[in-house]
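Reading the structure
Residues per chain, in single letters:
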Amino acid sequence: MNIKSIKITKSMKFLVLLLLSLIVGMANAAIFYSLTVQPAVAITGAKVVFVSGNDFPTGSSLGSNSTWVSLALKAYPNVTLTYEQPVNISNTDTANHNFRLRHVTITPANGQPQVGNYTSISFVVQNTAGVAQGSFNYTTTGLNWNTASTMSYMTLPASASWIIYVETKAVAGANDVTADIQIAVDVV
Amino acid sequence: MLVVGTLFLSLNLLLPTISASIYASLSGQSSVPVAPPPVILQPGTAGTSTIYTNNTSAEVSVAAPTPTYDYVLKVVNQMPDSWKIRLAAYSQSNIGRLDNCTIYFRNLSDGTSGQIYIVSGSYTQQTGPWYDLPPSPAERYLAITLQANSSEVSIINVYLEILIPNKTTYAKYILTFEIT
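Let me begin by describing the structure that accompanies this report. Note that the structure is a prediction, hence the values are computed from the model and not measured.

Here's the deal with the overall build of chain A
What chain A contains, in helices and strands, is 1 helix and 11 strands. Expressed as a percentage of its 188 residues, the buried residues of chain A come to 29%.

Remarks on the overall build of chain B
Looking only at helices and strands, chain B has 1 helix and 13 strands in total. Each helix (α) and strand (β) of chain B, taken in turn from the N terminus, gives the series α-β-β-β-β-β-β-β-β-β-β-β-β-β. The burial tally for chain B puts 33% of its 180 residues in the buried class. Taking the intrachain contacts of chain B between residues at least 6 apart in sequence as the baseline, contacts between residues at least 24 apart amount to 69%.

Regarding the interface of chain A and chain B
If you look at the interface, chain A gives 45 residues, while chain B gives 28 residues. Where the side of chain A that touches chain B is concerned, the elements lending two or more residues are strand S1 (48-52), strand S3 (68-72), strand S4 (80-91), strand S10 (161-170) and strand S11 (178-187) of chain A. Element by element, the count of residues in the side of chain A that touches chain B is highest for S11(A), at 10 residues. Residue classes in the side of chain A that touches chain B are distributed as 26 nonpolar, 13 polar and 6 charged.

Describing the sheet that holds strand S8 (residues 112-119) of chain B
Residue and element names in this part refer to chain B. Strand order in the open sheet formed by 6 strands is S2-S5-S11-S7-S8-S9, and the pairing between neighbours is antiparallel. What marks the edges here is a single partner per strand, and that holds for strand S2 (39-43) and strand S9 (122-125). Each strand axis lies, on average, 25° off the axis of its neighbour in the sheet, ignoring direction. Summarising the sheet, S2 and strand S5 (residues 68-77) pair through 5 bridges and their orientation is antiparallel. Its bridge partner lying in S5, Gln-42 is registered against Lys-74.

Concerning the pairing of strand S4 (residues 57-62) of chain B
All names here are of chain B. Pairing of strand S3 (residues 48-51) with S4, which is carried by 4 bridges, proceeds in the antiparallel orientation. Residue Ser-49 lies in a different strand from S4, and its bridge partner there is Val-60. Between S3 and the antiparallel strand that follows it, S4, lie 5 residues; Asn-54 among them carries a positive phi value of about 70°. Relative to strand S13 (residues 169-179), S4 runs parallel, the two sharing 6 bridges. Its bridge partner lying in S13, Val-62 is registered against Ile-179.

Digging into the sheet that holds S11(A)
Pairing within the open sheet is mixed, and its 6 strands lie in the order S2(A)-S3(A)-S1(B)-S11(A)-S5(A)-S9(A). Edge positions in the sheet fall to strand S2 (61-62) and strand S9 (154-156) of chain A, since each has one partner strand and no second. Of the pairings in the sheet, the one linking strand S5 (residues 97-107) of chain A to S9(A) comprises 3 bridges and is antiparallel in character. Within the sheet, the bridge partner assigned to A:Asn98 lies in S9(A) and is A:Thr155.

A word on the environment of A:Val41
When you line up the elements, A:Val41 lands in the loop between helix H1 (10-26) and S1. In this structure, the C-alpha to C-alpha distance between A:Val41 and A:Ser135, residues 94 residues apart in sequence, is 36 Å.

What to know about the environment of A:Tyr153
By the element assignment, A:Tyr153 lies in the loop between strand S8 (144-146) and S9. Setting aside residues up to four positions removed in sequence, A:Tyr153 forms contacts with A:Asn98, A:Phe99, A:Arg100 and A:Val188.

Some thoughts on unusual backbone geometry
Cis geometry marks the peptide bond from A:Thr107 to A:Pro108; its omega dihedral reads 0°. Residue position: A:Pro108 is located in the loop between S5 and strand S6 (118-126). With an omega of 15°, the peptide bond between B:Asp70 and B:Tyr71 qualifies as cis. Mapped onto the elements of the fold, B:Tyr71 is located in strand S5. Not every positive phi belongs to a glycine, and A:Ser159 is a case in point at roughly 60°. Following the sequence through the fold, A:Ser159 ends up in the loop between S9 and S10. Overall, A:Ser159 belongs to the exposed group, with 12 C-beta atoms counted inside 10 Å. The phi torsion at B:Ser120 lies on the positive side, around 50°, for a residue other than glycine. Inspection of the secondary structure puts B:Ser120 in the loop between S8 and S9.

What counts as what
- Residues numbered from 1 in each chain as written.
- Chains lettered and ligands numbered in written order.
- Predicted model: local features only at pLDDT ≥ 70, side-chain atom pairs only at ≥ 80, totals over all residues.
- Helix = DSSP H or I, 4+ residues; strand = E, 2+ residues; numbered from the N terminus.
- Buried ≥ 20, exposed ≤ 12 C-beta atoms within 10 Å, placed from the backbone.
- Contact = placed C-beta atoms within 7 Å.
- Nonpolar A, V, L, I, M, F, W, Y, C, P; charged D, E, K, R; others polar.
- Pairing = 2+ DSSP bridges.
- Axes fitted to C-alpha atoms, helices over the stretch in contact; angles between N-to-C directions.

As structure tokens, then:
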């Protein structure tokens, strides 16, 4: 069959032109290029972790990766209660790491009458020899908390384990109330 | 060359600055309920004792001409747990007049535990040895022997320390001894 023998009508010519214009339109793109990012996300154990201490209180728990700890402490009215070694912070790495304690939340909230039951809740970071490296204190004024200030970074040497010492005190006549404190331990 | 340099500088200015350090946060949560005291103080049968709110602090008054006050305070365990107790003197005034002063624990049957000794106006023992306080119902008695060389007032401020056995968790109660 001779292709020249095919009759091309005006409407067919118009259809061809229309298709060509569509193709040209689709090929009109912006200047574009792609960078490639290929992150390798390996799951590794944390190098700085919590380790339960000799005074790890009954009812406390340590998260499965040791990156979370819940301490069930107590306070007695008109008594200073000391936990010399409830939990430790351990550096399992061969390099030093810096860390600090940072306040996140505390309840009951300021203004609540239960706040006035507490005198102080103090956390002291001690090195392996038991020498204080910094303190993180919650006290009360009336019905308000004076929350602990963010600590300066401290250097935890490689393979060292430091102590978090805790002291609690409630006022005389304090009654059944619970304070819940959330603290972040930032590690660099 | 100048054009290339300018272009390089411009590209650097256009690139975002990325500043990061390796950073992680561990999370600690502390729950601190106010609980009833596990051990309480009760008045003794000798001298004058004042027990303060919650029975966790006390003041004891004794007079030197009487050589022995047995007992000035009672330490009562309210829990089904064992504890260890001891006294630790942390401040004082005018104890130079005390020729002899001994503050000690005793129980009903098997002897005493000397805690604080003052001889010729000075401490010879300021912190006592740990003494067992068995589970409730259990009591220990606090007694004093004393001898003074003048009629003045001496004050001895003492912590009653209550320790969980095999731990380093302890409570401190404040006791004040006024010796006239």
